[in-house]
Structures are given as C-alpha cells and as structure tokens.
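Structural characterization, general
What follows is each chain in one-letter form.
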Amino acid sequence: MKRGANTPLARSTQKQKIAEFSALYENKLPDFVNLIFSNEPKKSERQPFILNSTKTIIYNQKGYDKGINIERNDNELLGNSLKLKDGTPIGYNIHLPEGEIKGSMVSVYGGHIASDRKELLFLPGYTDNFERALLAQGFAVIQLNLLDLLKLKVFQDLMPKDIHIKLHQSIHHFFETIREKPESLHSSLAAIKEKPIFLFGASFGGRTAIKHAELYPFTYHGYISFNGALSYDMIKKTDEQYKFKVKEWLDPNFDISQIQDPIFLIQNRDDNCVNLKVTLDWYQNAKKLGKEAYIRLWIVEKGSPINLNQEKAFVYKGHDLTKDKNLFADLLDSTLLFTNHSPFSITPLHEWRALRYDMIANKNYNAVSLEEEFVSYAYDMYQRGIKLNDENWEAYYEPLYYTLNYLHSCVDNHDFQGKTLYGFKGQFHQDLEALKKNNLLTAENFTKALKASFETFAQFLKETKLLKCGMSELNDYAKSSIMHDMYSDLLEGNSNEKMSYKTYKYLVSTLYKSNKFLLEDKYEQWDLDSKIQSDLKKVRKVFENKIATERELIRDVWKEAIRKIKQS
C-alpha cells in the first residue's frame with residue numbers, strides 16, 4: 001500500500017501529531033508566558049563549577065567551612081586567615097594562572113542567605129567557563145566568601161545596613177591586602193602585587209561590584225557587572241515580589257555621582273531574570289550625571305538556555321553565561337580590552353546599542369507604558385522597511401497604536417480580582433464574544449496569532465528538550481483546526497479555569513496584534529477622541545525623535561571610523 005502524504009494513514013498520523021502538539025502548547029503555555037516576561041528569581045542561580053586541577057590555588061575559608069569537608073589536592077595550598085578588626089572573617093580562593101600574571105579578577109556576590117552557605121559557598125578549585133578563560137589569559141581568578149553567608153537571614157534586598165557596611169569593608173580590606181602585602185596570605189602571592197585588580201559580580205553580585213565602586217572610589221582598577229541588579233526602581237516594575245521599598249543603601253542608583261573608576265556593564269539581551277532595561281536604566285542615569293566617560297556597555301545577544309531545574313515559579317533563561325561559542329568569544333575579547341587597556345578601547349557604538357536595545361526590551365517588560373510598547377513594535381515595522389511617512393503612518397502605525405491603546409485600556413480597567421480566569425467578565429471577554437457572534441474569529445485569524453508566537457515557542461521547546469520543530473511543521477500546526485479549537489477554548493476560559501490573567505492577556509494580545517483589523521469598528525470612535533488623537537501625535541513625535549537619534553549615532557560611528565582610517 002502506498003504511504004504518500006495524502007493517504008489516509010499519513011493524514012491520520014499528521015492529525016495525531018498536531019493533536020499532541022496542541023496539548024503540549026496548552027500544557028506549557030504558562031511556563032512559556034512566564035519565560036517571556038521578566039521574573040526575578042528569589043535566589044540567584046550559580047552555574048555548576050568544574051574542578052580544574054592544573055592551577056596553583058591559595059585558599060582560606062576559616063569561619064565559612066563549618067560542616068563542609070574541603071579536600072585538598074596537591075596544588076591547593078592553605079593561606080593565612082584574613083579578618084576585619086572586629087573579627088569578621090573573609091573567605092578567599094585565589095587561583096593562579098600558569099606563567100606571567102597580568103592582573104587579578106575578584107568575584108563577589110554578597111546576597112546569599114546564611115542557611116544556603118553549604119550549597120552556595122565558593123569552593124577552592126571550582127571555576128566556571130569565564131573564569132577558566134581568564135586564567136588561560138594570565139589572570140588570577142579570586143572568589144570571596146563574605147558575611148552574608150554567615151549572618152544574612154532575610155531576602156538579599158532586605159539586607160540590614162550593618163551587614164551591608166561590613167560586607168563592603170571586607171571587599172575593601174581584601175583589596176588593600178592584595179595591593180600592599182599579598183605575601184601576608186601566602187608567599188607565592190607576591191607575584192600579584194602591584195598588578196591591576198578588578199572587581200566582578202553577576203546578578204546581585206553585579207550590584208555589589210557597582211555599589212563598591214560608589215562606596216570606595218580610586219581603589220580597584222575597574223568594576224564589571226554581569227546582568228547586575230543595578231536599578232531597583234526598574235526591578236520593582238518588573239516583578240510583583242518587590243512590593244516593599246528596597247533599602248536605599250543597597251541601590252546603586254543612589255550614589256552614581258561618586259564613581260571615579262572604569263565601569264563595564266555586561267547584559268544578556270534575553271535575560272528574563274534581570275531584564276535588559278534594568279541595566280539600561282542605570283546606564284542612562286549615569287549618563288545624566290556626566291559619568292558616561294567611565295562606562296562601557298556590552299550587550300550579549302543570547303545568554304544561557306532555559307533552566308527547568310529551579311522551582312516551578314522560576315522558569316527562566318538568559319541569566320547566566322552564553323553557550324554560544326562565538327558570543328562567548330566576543331564577550332571574553334571585550335572584557336580583555338577593558339582589563340588590559342581602558343574602557344575607551346571598547347567601541348562607542350554602545351551608545352547606539354543602548355538606544356536600540358532599550359526600544360526592543362520594552363516588548364517583554366511587564367510594566368511597559370503604552371508609549372514604550374508602541375515605540376518597540378513600531379521599531380520592528382521600521383526595521384522591516386516600512387518608512388515613516390504620512391501614508392504608512394495611516395496604514396500601519398496608526399492601527400498599531402489603536403490596538404495597543406485598546407489593550408492597555410482593557411488591562412487598566414479590567415474587573416478581574418482573583419488569581420484564576422474563572423468568572424472573568426471584563427472588556428476583553430465582552431469584545432471577544434462580540435467578535436465570535438459576528439463570525440470574525442476565523443481560522444485565518446487564529447493562524448496569524450499562532451504564527452506570531454510559534455517561532456519563540458519552538459525555541460522554548462528546543463531548549464527544554466521537549467521537541468524540535470521546523471518552520472514547515474509550525475506552519476502546518478498554525479493552520480490546523482485542532483490548534484484553532486484549542487486557542488478558542490483558551491480564550492473563552494473553557495479549557496483551564498485556573499489559567500492566570502497574565503496568560504490570558506498574552507493570548508488575547510497576540511490575537512489582536514496579529515489581526516489589527518478586528519478593532520476597525522472602533523476606529524471611527526477613536527478618530528474623534530481628542531485625547532487619543534493628541535496622544536497619537538505625541539507618540540509619533542517621540543518615535544520620530546528616536547529614529548533621528550539612532551541615525552545620528554550611526555553617522556557618528558561612521559565619521560569616527562573614517563577619521564581613524566585617514567589617520568592610519
């Protein structure tokens with residue numbers, strides 16, 4: 001029997017495959033939506049460190065090693081203990097490279113809860129990919145265990161002031177020791193004396209590094225933040241857990257004016273734990289205070305894959321080192337430029353990147369304003385070649401604004417009170433019922449909505465090792481009646497009574513953004529609304545200014561490139 005694509009058996013197999021995909025989409029939709037929008041985890045994830053037995057390691061974890069068996073290898077040497085005057089211990093692991101030492105990179109975190117000490121303690125001999133790459137380039141890699149692992153009993157952003165003060169006193173005391181008398185810890189450390197020393201931190205540790213630059217200027221040669229929690233004003237807008245007022249002494253936004261040393265900000269574009277806008281907000285605030293000369297920004301296109309090993313509520317991605325070899329090489333090269341020369345060695349193109357990525361980041365930002373979201377989606381249109389003229393404005397940009405304005409007004413005024421969709425009778429629901437009654441929820445409209453989310457959803461499935469989907473398969477899924485029925489059931493709240501409002505909002509928003517004509521019956525009303533028309537003019541001006549600024553920044557980069565060519 002022939003088994004071609006149109007045989008009954010082939011059609012039956014394809015239908016079963018689509019049904020399985022439909023069930024998978026529905027089941028994984030909450031994780032997928034949480035993944036798209038920022039979701040700050042309650043505790044930082046650390047990459048598993050890999051034992052490296054080829055380097056000399058000087059360490060002392062006295063005060064931190066209680067209940068932990070630290071096995072010593074032949075290349076691991078116990079150094080002298082280091083304490084503040086009040087007896088506060090400073091734990092350290094100093095990994096020395098083979099050959100000449102160019103400088104030292106000191107890693108800090110500072111926000112772990114004491115009960116997690118055994119799990120999260122920096123152990124001698126364990127380094128991540130970035131640290132091993134630095135060792136190969138001649139940098140000593142140093143990890144500090146600090147007072148948080150002994151005394152902190154609350155969430156990191158509620159840290160008491162006395163612990164915070166001692167934490168930074170410890171970082172400073174370690175710097176003074178390494179700069180002036182490293183041999184007091186161990187005789188073999190004389191080789192790092194008077195070498196450049198940099199402070200590095202990731203996530204809350206990025207906050208720690210930048211805050212230290214503000215508290216102790218003219219000390220470390222430079223400070224590096226990797227996906228750092230730098231702007232608590234922006235983080236509070238990102239995550240519902242930040243209902244409390246963050247302690248002022250923790251926030252790097254408060255003392256930017258004190259910065260006197262080079263700062264290197266590294267941020268993964270797809271980090272949904274510390275959203276790109278958090279780093280960009282701190283960067284913009286620093287520029288306003290005239291500190292841009294000290295700061296360089298490096299945005300990595302893709303960070304770590306999705307991590308499903310955390311608690312269910314914290315499915316996230318992009319927060320750790322990229323697994324892409326080319327992106328990792330670029331990140332390392334830019335870091336070496338910063339450490340070996342100065343921040344001025346890194347191209348000023350970061351000005352343009354900051355503007356561009358700030359617009360892009362608004363798409364996946366929970367607290368985005370109508371203006372910010374419009375600029376983000378309008379920028380996509382502009383990048384696709386839709387020029388900014390009156391004809392295109394009326395045909396493309398104005399319907400986009402109307403759609404987003406409608407979605408924002410529905411969210412602002414919805415009467416949903418609980419945590420589930422059950423009983424929801426807000427504006428979204430009423431308008432969808434009207435669309436259904438008028439036979440406007442067609443197969444074609446559902447297909448457009450599904451296609452709009454499938455490319456990202458396919459990446460989600462790939463990274464979670466559930467399924468690999470090609471574009472032809474995704475197109476088949478998007479066109480299928482099985483997927484359309486599932487989408488319709490989700491919209492009507494028939495399929496899952498406990499679906500969150502955030503997931504429901506995502507589904508409806510995707511439907512309208514993919515089919516802007518569904519709101520055409522309201523256009524006449526909006527055309528006559530003086531406030532909407534006034535806001536529309538304002539947002540057009542904002543977008544035109546953004547595009548003009550981008551053009552100018554790119555032009556400046558070309559001018560600088562031509563100048564350098566002529567000089568050479």
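Our structure's up above, just so we're on the same page.
Residues numbered from 1 in each chain as written. Predicted model: local features only at pLDDT ≥ 70, side-chain atom pairs only at ≥ 80, totals over all residues. Heavy atoms only, no water.

Points about the packing of aromatic side chains
- Tallied over the entire structure, the rule returns 28 aromatic pairs.
- Arranged with centres 6.0 Å apart and planes meeting at 85 degrees, the rings of Phe21 and Phe457 form a pair that is edge-to-face. Of this pair, Phe21 sits in helix 1 (residues 8-36) while Phe457 sits in helix 14 (residues 443-463), placing them 436 residues apart in sequence.
- Pairing Phe374 with Trp393 gives two aromatic rings, centres 5.8 Å apart and planes at 70 degrees, and the pair type is edge-to-face. In this pair, Phe374 is assigned in helix 11 (residues 370-383) and Trp393 in helix 12 (residues 390-413), connecting sequence segments 19 residues apart. Trp393 carries the same exposure label as Phe374, and that label is buried.
- Feature note: the residues Phe21, Tyr25, Phe32, Phe454, Phe457, Phe460, Tyr477 and Tyr506 constitute an aromatic cluster, connected by ring pairs.
- If you follow Arg353 out to its NZ or CZ, it ends over the ring of Trp298, 5.3 Å from the centre. (Phe/Tyr/Trp six-rings, centres within 6.5 Å; stacked < 30°, edge-to-face > 60°. Helix = DSSP H or I, 4+ residues; strand = E, 2+ residues; numbered from the N terminus. Buried < 20%, exposed > 50% of the residue type's maximum accessible area, 1.4 Å probe, protein only. Lys NZ or Arg CZ within 6 Å of the ring centre and 35° of its normal.)

Some remarks on the pairing of strand 4 (residues 91-96)
- Taking burial as the measure, the 6 residues of strand 4 include 6 buried ones, the bulk of the element.
- Pairing of strand 4 with strand 7 (residues 139-145), which is carried by 5 bridges, proceeds in the antiparallel orientation. Its bridge partner lying in strand 7, Ile94 is registered against Ile142. (Pairing = 2+ DSSP bridges.)

Quick look at the pattern of salt bridges
- Tallied over the entire structure, the rule returns 17 salt bridges.
- Note that Asp86 is salt-bridged to Lys166, the shortest N-O span being 2.8 Å. Within this pair, whereas Asp86 is found in the loop between strand 3 (76-78) and strand 4, its partner Lys166 is found in helix 5 (residues 161-180), the two being separated by 80 residues in sequence.
- Judged by its relative accessible area of 30%, Lys166 falls in the partly exposed class.
- Residues Asp358 and Lys277 are paired through a salt bridge, measuring 3.0 Å at the closest nitrogen-oxygen approach. Of the two residues, Asp358 sits in helix 10 (residues 350-361) while Lys277 sits in helix 8 (residues 276-288), which places them 81 residues apart along the sequence.
- Accessibility expressed as a relative area gives 21% for Asp358, which makes it partly exposed.
- Residue class for Lys277 comes out buried when judged on its relative accessible area of 4%.
- Among the ionic contacts, a cluster of salt bridges with common partners joins Lys211, Glu214 and Asp255. (Salt bridge = Lys/Arg side-chain N within 4 Å of Asp/Glu carboxyl O.)

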